[in-house]
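Spelled out from the first residue to the last, the chains are:
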Amino acid sequence: MKYYLARMRAKDACPPQKPMTHIFWSGLGSFMAIILMSIYSKEMPFGQTDGVFLIGSFGASAVLLYGAPDAIFSQPRNLVGGHVVSAVVGVTVFLVMGQFAGLASALAVSLSIVAMHLTRTMHPPGGATALIAVIGGSEIHQLGYVYVLSPVLIGALIMLLVALLINNLSSNDKRHYPTYWY
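Cut-offs used in this document
- Residues numbered from 1 in each chain as written.
- Predicted model: local features only at pLDDT ≥ 70, side-chain atom pairs only at ≥ 80, totals over all residues.
- Heavy atoms only, no water.
- Helix = DSSP H or I, 4+ residues; strand = E, 2+ residues; numbered from the N terminus.
- Rg over C-alpha atoms; globule rule 2.2 N^0.38 Å.
- Buried < 20%, exposed > 50% of the residue type's maximum accessible area, 1.4 Å probe, protein only.
- Areas by Shrake-Rupley, 256 points an atom, 1.4 Å probe, with all protein chains shown as cover.
- Lys, Arg positive; Asp, Glu negative; His and termini not counted.
- Charge placed at Lys NZ, Arg CZ, Asp CG, Glu CD.
- 1 Å grid on protein atoms, 1.4 Å probe; cavity = no way out; pocket = protein on both sides within 12 Å on 5 of 7 lines; lining within 4 Å.
- Points joined across faces, edges and corners; volume = space filled by probe spheres on them.
- Nonpolar A, V, L, I, M, F, W, Y, C, P; charged D, E, K, R; others polar.

**Student:** Tell me about the overall build of the protein, and please be specific about residues and values.
**Tutor:** Counting its regular elements, the protein contains nine helices and zero strands. Sequence-ordered secondary structure for the protein, helices as α and strands as β, is α-α-α-α-α-α-α-α-α. Here the C-alpha radius of gyration of the protein, 18 Å, is about what a compact globule of 182 residues would show, namely 16 Å. Its C-alpha atoms give the protein principal-axis dimensions of roughly 55 × 45 × 25 Å. Across the 182 residues of the protein, 42% fall into the buried class. Of the roughly 10100 Å² of accessible surface on the protein, 70% is carried by carbon and sulfur atoms. When the 10 basic and 6 acidic side-chain charges of the protein are each reduced to a single mean position, those positions are 18 Å apart.

**Student:** An account of the layout of surface pockets is requested, with residue identities and associated values reported.
**Tutor:** There is about 250 Å³ of room inside the largest pocket. Residue lining of the largest pocket: 14 residues in total, with Lys18, His22, Asn172, Lys174 and Arg175 positioned closest to the centre. Looking at which element gives the most residues to the lining of the largest pocket, the answer is helix H2 (residues 20-43), with three residues. Residue composition of the lining of the largest pocket, by class: four nonpolar, six polar and four charged.

**Student:** Which residues make up unusual backbone geometry, and what are the values?
**Tutor:** Here the bond from Tyr177 into Pro178 is cis, since omega is 0°, no more than 30 degrees from zero. If you trace the backbone, Pro178 turns up in the segment after helix H9 (146-169). A positive phi angle, close to 55°, is found at Arg120, a residue other than glycine. Of note, Arg120 is situated in the loop between helix H6 (101-119) and helix H7 (125-135). On the basis of relative accessibility, which here comes to 56%, the residue Arg120 falls in the exposed class.

What follows is the structure in structure tokens.
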């Protein structure tokens, strides 16, 4: 037990606060992405509403894309691939085991992690995208695999476009996006 607890001892101090310009671009990027998705959701096909298009996992993606644009989890392959792979897994698990909500939820998240590992598209919000496919309610369930296209793929692409614009507007040479595409 002593060995186990010793492994939890922090080795580093908390990093310093980011410069105000970084904070500004992070806030602007996340605002622009979410507001654009909200506007798009009013005009989009498939008759969806704001509540369906703005899934919670996009909020977590915004934190990564605009708050930590150089992180591996924030890169385009991870953003788009992680959400899409996880959505496919989540919808499939719901269709096969949806009547067992607890088991389906656990399987959707764990299988999405496995699938993201196998496809090298790890994006932590993808786990939430898979979970939403299972617990999202009747509006999400009625979409079936359309959920993968809209809101998931279209939403991820909107976030990617905003990340490309906002993260490259900064004059800071260290703030550029993406680090890699594929």
